There are 2 protein chains.
Amino acid sequence: MEPEPSTGRTAALPGPCSRWPAEQGETIRQIIDRAGNKWAVLVVGSLHAGPLRYTDLLRSIPGVSQRMLTYTLRQLRRDGLVTRTAYPEVPPRVEYALTDLGETLLIAITTLIDWAGTHHDEIQENRARFDETEAAV
Amino acid sequence: MEPEPSTGRTAALPGPCSRWPAEQGETIRQIIDRAGNKWAVLVVGSLHAGPLRYTDLLRSIPGVSQRMLTYTLRQLRRDGLVTRTAYPEVPPRVEYALTDLGETLLIAITTLIDWAGTHHDEIQENRARFDETEAAV
DNA sequence: CTGTATCCACGGCGATACTG
DNA sequence: CAGTATCGCCGTGGATACAG
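Residues numbered from 1 in each chain as written. Chains lettered and ligands numbered in written order. Predicted model: local features only at pLDDT ≥ 70, side-chain atom pairs only at ≥ 80, totals over all residues. Heavy atoms only, no water.

Asks: I keep staring at the overall build of chain A and nothing clicks. Help me out?
Replies: Each helix and strand in chain A was counted, giving five helices and three strands. Reading the helices (α) and strands (β) of chain A from amino to carboxyl end gives α-α-β-α-α-β-β-α. Residues classed as buried in chain A amount to 40% of the 137 residues present. Long-range pairs, those at least 24 residues apart, make up 44% of the contacts in chain A with a sequence separation of at least 6. Put simply, chain A shows about 7,600 Å² of open surface, and 53% of that area lies on carbon and sulfur atoms. (Helix = DSSP H or I, 4+ residues; strand = E, 2+ residues; numbered from the N terminus. Buried < 20%, exposed > 50% of the residue type's maximum accessible area, 1.4 Å probe, protein only. Contact = heavy atoms within 4.5 Å. Areas by Shrake-Rupley, 256 points an atom, 1.4 Å probe, with all protein chains shown as cover.)

Written out as structure tokens, the structure reads:
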């Protein structure tokens, strides 16, 4: 891990753009890299009901590519938010599950989702109004 | 507003990549475009204490470019999260402030920030351990 | 002071092909 | 099934210059 240790161009995906001097925003960066990542949120959300296999995740999250699913799962494992369990069978079976820490994140995220749900309509109205008076230019 | 009405390449910034069929993830998208945006979060955070002028925001958010600050403020206004008040003086003075809706978002975000703060160390340890056993390959 | 317009480098990530 | 390796498009956002 850690940005670009390897041969090619994107062999191990480079960490997200973290180009600033570790000022106050660093904490924010942390959060955004977890909870502001669409795929990460969706994975954590999908795992809420219980463990899932790789392919199941792939299917339960429409639009995600293998590349990003693999990458996201790796990040989440690294942070200790999900666990990976491989069963020595054939064909191979691998299950991903939320850790306790992952559960707490899910709860925190849920707060935001609720907020979004609660104010979604209001925001839509605001936008419409804004765009209207805007277009009046 | 709305992606690319104008001449050049990025004249009015294009909306964030929203290339998927409005499935379940759409709600998530909404959230991420608000609370997952570094600058948006930082602006809302900076406005917590009270109204600020454009230049003050520019300074209180290290690393933000004029471009992004302007763009972010516009988005936030559009969503009804902040207000813009221009005073007809010379030199011109413009103040940005959180709306009530903006305050509620701030609260929701704060939950996440708290989560990050609480578990920051734990995550760091997890990462260190992961990278270590990882390097053992 | 408060923006707006333009240019363009960098890197995220989808698409695709291949391996154990 | 569960990944890994590569390629390349184009969105993102910094830098810069200019305007009201």
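Asks: It is not clear to me how the relation of the copies chain A and chain B should be interpreted in this structure. Could you clarify?
Replies: Think of it as a corkscrew move, a rotation about one axis and a shift along it, taking one chain copy to the other. Of the transformation placing chain A onto chain B, the axial shift is 0.0 Å and the rotation is 180°, giving an RMSD of 0.1 Å. Such values leave the two copies arranged in the relation of a two-fold axis. In terms of C-alpha distance to the rotation axis, chain A has Gly36(A) as its closest residue, with the C-alpha 1.9 Å off the axis. In this assembly the copies share their binding face: 100% of the residues contributing to the interface of chain A also contribute to that of chain B. (Least-squares fit on C-alpha atoms with pLDDT ≥ 70 in both.)

Asks: Help me understand the side chain of Arg34(A), please; the structure alone is not making it clear to me.
Replies: Of note, Arg34(A) is situated in helix 1 (residues 25–35). Those residues in contact with Arg34(A), other than ones at most four positions away along the chain, are Ala40(A), Val41(A), Asp79(A), Leu81(A) and Arg127(B).

Asks: Whenever I open this one, helix 4 (residues 66–78) of chain A confuses me. Can you help?
Replies: Count 3.6 residues to each turn of an α-helix, and residues three or four apart come out pointing the same way. For helix 4 of chain A, which comprises 13 residues, the first-to-last C-alpha distance of 18 Å matches the rise-based estimate of 18 Å (1.5 Å per residue) to within 8%. Just past helix 4 of chain A, the residue Gly80(A) takes up positive phi, approximately 75°. (Expected span 1.5 Å × (residues − 1).)

Asks: Can you walk me through the confidence of the model for chain A in this structure?
Replies: Low-pLDDT stretches of the model should not have their predicted coordinates read in fine detail. Residue and element names in this part refer to chain A. Per-residue confidence for chain A averages 83 on the pLDDT scale, and 80% of its residues sit at or above 70. Here residues 1–11 is modelled with pLDDT under 50, and outside its nearest four sequence neighbours on either side it reaches 15 contacts, counting other chains as well. Every residue in residues 15–23 scores below 50 in pLDDT, and together they form 12 contacts with partners more than four places removed in sequence or on other chains. (pLDDT = per-residue confidence, 0-100.)

Asks: Before we go on, may I ask you to explain the pairing of strand 3 (residues 93–98) of chain A in this structure?
Replies: Within a regular strand, side chains alternate between the sheet's two faces. Relative to strand 3 of chain A, strand 1 (residues 52–53) of chain A is paired through two bridges, and the arrangement is antiparallel. Across the sheet, Arg53(A) pairs through a bridge with Glu95(A), a residue of strand 3 of chain A. (Pairing = 2+ DSSP bridges.)

Asks: What is the right way to read the packing of helix 2 (residues 38–46) of chain A against helix 4 of chain A from this model?
Replies: Working note: a packed helix pair is described by the angle between its axes plus the distance between those axes. All names here are of chain A. The contact between helix 2 and helix 4 brings their axes to 10 Å, and the two run at 75°. When the axis of helix 2 is compared with that of helix 4, the two are roughly perpendicular. Packed against helix 2, whose contacting residues are Trp-39, Ala-40, Val-43 and Val-44, the element helix 4 presents Met-68, Leu-69, Thr-72, Leu-73 and Leu-76 at the interface. A per-class count over the contact of helix 2 with helix 4 returns eight nonpolar, one polar and no charged. (Axes fitted to C-alpha atoms, helices over the stretch in contact; angles between N-to-C directions. Parallel < 35°, antiparallel > 145°, perpendicular 65-115°, else oblique. Nonpolar A, V, L, I, M, F, W, Y, C, P; charged D, E, K, R; others polar.)

Asks: Please explain the pattern of salt bridges as it appears in this structure.
Replies: Pairs may arise between side chains of opposite charge once their charged atoms sit close together. A complete count under the given rule lists 12 salt bridges over all chains for this structure. In this structure, the salt-bridge partner of Arg93(A) is Glu95(A), at a minimum N-O distance of 3.5 Å. Arg93(A) sits in the partly exposed class, given a relative accessible area of 22%. Asp56(B) is the partner of Arg59(B) in a salt bridge, and the nearest nitrogen-oxygen pair spans 3.4 Å. Of the two residues, Arg59(B) and Asp56(B) are both situated in helix 3 (residues 54–60); the distance of three residues between them amounts to about one turn of the helix. Given the relative accessible area of 63%, Arg59(B) is considered exposed. (Salt bridge = Lys/Arg side-chain N within 4 Å of Asp/Glu carboxyl O.)

Asks: Hey, could you run me through the sheet that holds strand 3 of chain A in this one?
Replies: Strand pairing in a sheet is mediated by backbone hydrogen bonds. Such pairs are either parallel or antiparallel. Residues and elements named next belong to chain A. A sheet is described by the order of its strands in space; here three strands give the open sequence 1-3-2, paired in antiparallel fashion. A strand with exactly one partner marks an edge of an open sheet, and here the two such strands are strand 1 and strand 2 (82–87). Judged from the six bridges that link them, strand 2 and strand 3 form a sheet pairing that is antiparallel. Among the inter-strand pairings, Thr-83 is bridged to a residue of strand 3, identified as Ala-97. Contacts from helix 4 reach strand 2 and strand 3 within the one sheet, and its direction differs from that of strand 2 by about 110°.

Asks: I keep staring at the packing of aromatic side chains and nothing clicks. Help me out?
Replies: Pairs of aromatic rings are described using the distance from one ring centre to the other and the angle between the two planes. Counting across every chain of the model gives zero aromatic pairs over all chains. Cation over ring: Arg93(A) sits above Tyr87(A), and NZ or CZ is 4.0 Å from the ring centre. (Phe/Tyr/Trp six-rings, centres within 6.5 Å; stacked < 30°, edge-to-face > 60°. Lys NZ or Arg CZ within 6 Å of the ring centre and 35° of its normal.)

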